[in-house]
Amino acid sequence: MSETIATDEGDASQPRASWTPMIGLFLAQVLMSFNVAALPISLGGMVEDFGVPPTVASSTIVVYGLAVAALVMTGAKLGQRIGWALIFRCVLGVFAASSLAMILSRTVTWAIIGQLLAGAAAAIIVPALVALIAENYRGPQQATAVGSLGSARAFSGVSAFLIGGTLGTFVGWRPIFVITLALAIVVFALSFSLRSDRGDRSIRIDLVASVLIGAAVVMLTLGFNNLNAWGLVVAEDTAPLSILGLSPAPVLVVLGLVLGQLFFLWTRRRMQQGRVPLVDLSVLGSGRERSAVYAMFIIVAMEAAVNFTVPIYIQVVQGRTALDTALAMMPFNLTVFVTATLIVRFYQRFAPRTIALFSFVLTTLALIWLAAVVNNNWESLPTVLGLIVFGIGQGALVTLVFNVLVTAAPKHLAGDVGSIRGTTQNLASAVGTAMMGAVLVLVLGVGIGRAVTEHPQLPDEVVAQVDLDQANFISNDDLDEVLSRTTATPEQVDAAVALNEEQRLRTLKIGFLILAGISAAAALPASRLPRYTPGEIPDPSEE
C-alpha cells in the first residue's frame with residue numbers, strides 16, 4: 001500500500017479531472033452535516049408543534065446517529081455490490097423522502113421515522129463519498145477532494161446555525177428541512193457527472209458481522225451518551241432500569257466492547273478462510289493506518305467536546321440564544337473550514353507525521369490558552385484568537401489523517417475506508433460529548449461542594465436544603481428558583497449565585513486543560529504516521 005501512495009501522489013502526468021463531480025460530493029457532505037446541525041435548532045419548534053417533551057423530540061437526533069453508526073459498514077458493502085454511483089442516487093432519494101417527512105409531519109412519530117430514513121441513507125453516503133472520490137480523482141486532486149469533505153462539515157455547522165437559527169426564530173423549524181430537500185435534489189442532478197463501476201454482484205454481505213458491529217456500535221453509542229443521565233456507576237433515578245443497582249450505561253459500554261472484539265475475531269477468521277469480509281481489515285494492516293484511526297478518534301472526540309462545552313455554557317449558563325452560540329463558534333468553524341481546504345497545499349513539502357505533530361502542538365497550546373483567558377465574554381480578542389488557533393490545528397488534522405487512510409488503500413477498498421471513517425467519527429463524537437459532560441459535572445460538583453463549606457455567607461442550614469449531589473450547569477434564574485424554596489436570605493442567594501458563577505467558569509477552564517492533556521497525549525499515535533512526502537520511497541522500517 002505504501003508504494004501506491006508514492007505512485008498515485010507523485011504522478012504529475014495524469015490529466016486533471018473536472019471538479020463538477022466534486023461539487024456534488026461536497027454538497028452531499030453538506031447535506032448530511034446540515035441535517036445533523038439543524039436538528040438541535042429544531043427541537044424547540046417540534047416540542048411546541050407536536051406537544052411532546054424535549055426528551056421525546058430529541059429522539060430524532062438519537063435515531064439518526066444510531067442508524068448511521070450501526071449501518072455504515074453494511075452500507076459500504078452494499079455500495080461495492082450494487083455500484084457506488086447507482087446506490088448513491090438511490091439513497092439521495094431516501095434522504096429527500098426523509099426531508100419531506102420532516103416538512104409534512106403532523107406527529108413526532110413521523111419526524112422520528114424521517115430521521116431514521118436520513119440516518120440509513122447517510123450510512124451509505126458516508127462510504128460512497130470516499131469511494132467516489134477514489135474513482136474520480138488521483139494524486140493532488142484526490143488529496144484536495146478529501147480535504148473538502150472536512151471543510152464541508154465545518155461550513156455546514158456555520159450555515160446551519162446561522163440560516164437554521166434565523167428561520168427557526170422568525171419563520172419556523174419546517175423550512176429548515178426545505179433546504180435539505182433542495183440540497184438532495186441538486187446533488188441527485190450532479191451525481192450523473194460521476195464516474196463509477198457497476199459493482200460486483202458476486203460480493204456477499206456477511207450478516208453475522210453486520211449484526212455484531214451494528215449491535216456493538218449501538219450499545220457503545222447509547223452507553224456513552226447516557227453516562228451522565230443514567231449514572232457513571234450507580235443507577236440514577238432517571239435510568240430506565242438498574243442492573244443489581246448498577247447504571248445500564250457502563251454495562252452497555254462493556255457489552256459493546258465485547259461485541260466489537262467478537263466482530264474483529266469473526267472478520268479475521270473469515271479473511272483467513274478466503275471469504276469476503278464485511279470490512280477488509282487490511283486497510284488497517286500497518287501501524288501507520290492504525291495510528292491514523294487512533295488520531296482521527298482523538299481529533300473528532302476533541303471537536304465534539306468543544307462543540308458540547310461552549311454551546312452548553314453560552315446557552316444554558318449565560319441564557320443566550322442559538323444565534324449567539326453560532327456567532328461565538330464562528331471563528332472556530334470558519335477556521336476549520338479554511339484550514340481543511342488549504343492544508344493539502346503543504347502535503348508536497350511536509351510529511352504527514354510533521355504536519356500532525358505540529359497541529360497537535362497547536363491544539364494543545366490553544367486549549368491551554370483558552371483555559372487561561374476564557375471568561376463570560378466570548379467576543380473578547382484573546383478568546384477568539386484561542387478558538388482560531390484551535391481551529392487551525394483541528395482543520396489540518398481532520399483532513400490529514402483521513403487522507404492518510406484514503407491514499408494508503410487501493411481504490412477497490414475505498415468504501416471500506418469510508419465505513420471505518422464513519423464508524424470512528426460516530427463513536428468518537430459520542431465518547432467526546434459524553435465524557436466531557438461527565439467530567440464537567442463531576443468537577444463542578446466537587447468544586448461547589450468544597451466552596452460552600454468554606455463560604456462564610458452560606459450557613460450549614462441553608463446548604464442542607466440544597467441537593468449538592470445534583471450539581472449541574474444551570475442558569476442564574478434556575479438557581480434563584482431553587483434557592484427561593486429554601487430559607488436563604490436575599491444576601492445569601494446573591495452569595496450562592498456569585499459562588500456558582502465562579503465555580504462554573506473554573507470548571508470550564510479545567511475542562512479545557514483536560515482536553516489539552518488529551519491533545520498532548522495524541523502525539524503518540526501522530527508520531528507513527530508516515531515520515532515521507534508523496535513521491536519519496538517509504539522506509540520499510542515504518543511498517
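Residues numbered from 1 in each chain as written. Predicted model: local features only at pLDDT ≥ 70, side-chain atom pairs only at ≥ 80, totals over all residues. Heavy atoms only, no water.

1. What about the side chain of Ser210?
In plain terms, the rule: Where helices and strands are cited, they refer to DSSP runs of H or I of at least four residues and of E of at least two residues respectively, numbered from the N terminus. Residue contacts are defined here by distance: any two heavy atoms, one from each residue, within 4.5 Å place the two residues in contact.
Considering the arrangement of structural elements, one finds Ser210 in helix 9 (residues 207-225). In this structure Ser210 touches Thr74, Ile205 and Leu278, once residues within four positions along its chain are discounted.

2. Remarks on unusual backbone geometry
Of note in this structure, Leu244 is not a glycine but carries a positive phi near 55 degrees. With respect to the element layout, Leu244 can be found in the loop between helix 10 (227-230) and helix 11 (248-272).

3. Let's talk about helix 11
Note the cut-off: Expected span of a helix, by definition, is 1.5 Å for each gap between consecutive residues, and there is one gap fewer than residues. The classification of residues rests on relative accessible area computed with a 1.4 Å probe and restricted to protein chains. Under 20% of the type maximum is buried, over 50% is exposed, and intermediate values are partly exposed. Counting of polar contacts relies on pairs of N or O atoms within 3.5 Å, with two restrictions inside protein: one atom must be capable of donating a hydrogen and the other of accepting it, and residues adjacent in sequence are counted only when both atoms are side-chain atoms.
Taking 1.5 Å per residue, 25 residues should reach 36 Å; helix 11 reaches 36 Å between its end C-alpha atoms and fits that length. Buried within helix 11 we find Pro248, Ala249, Leu252, Val253, Gly256, Leu259, Gly260, Phe263, Thr267 and Arg270. Those residues of helix 11 that are buried lie in contact with helix 4 (59-82), helix 9 and helix 10. At the N-terminal end of helix 11, a side-chain oxygen is found 3.2 Å from the backbone nitrogen of Ala249, two or three residues along, and the residue is Ser247. Phi turns positive, to about 80 degrees, at Gly274, one or two residues after helix 11.

4. Some words on a nonpolar patch on the surface
Note the cut-off: Residues enter patches when they are more than 30% accessible in relative terms and free of salt bridges; like-charged ones are connected within 9 Å and nonpolar ones (Val, Leu, Ile, Met, Phe, Trp, Tyr) within 5 Å. The Shrake-Rupley method, run with a 1.4 Å probe sphere, supplies the accessible areas, and residue values consider only the shown protein chains as cover. In the sections that follow, a salt bridge refers to a side-chain nitrogen of Lys or Arg positioned within 4 Å of a carboxyl oxygen of Asp or Glu.
Taken together, the side chains of Leu232, Val233, Val234, Leu241, Ile243, Leu244 and Leu246 define a hydrophobic patch exposed on the protein surface, amounting to about 680 Å² of accessible area. Looking at the secondary structure, you find Leu232 in the loop between helix 10 and helix 11. Leu232 gets classed as partly exposed once you look at its relative accessible area, which sits at 43%.

5. Let's talk about the pattern of salt bridges
The final tally for this structure, using the stated rule, is 3 salt bridges. One salt bridge connects Asp416 with Lys77, and the closest N-O pair in it is separated by 3.8 Å. Here Asp416, found in helix 16 (residues 414-454), pairs with Lys77, found in helix 4; they are 339 residues apart in sequence, far enough to count as distant. Each member of the pair, Asp416 together with Lys77, is buried.

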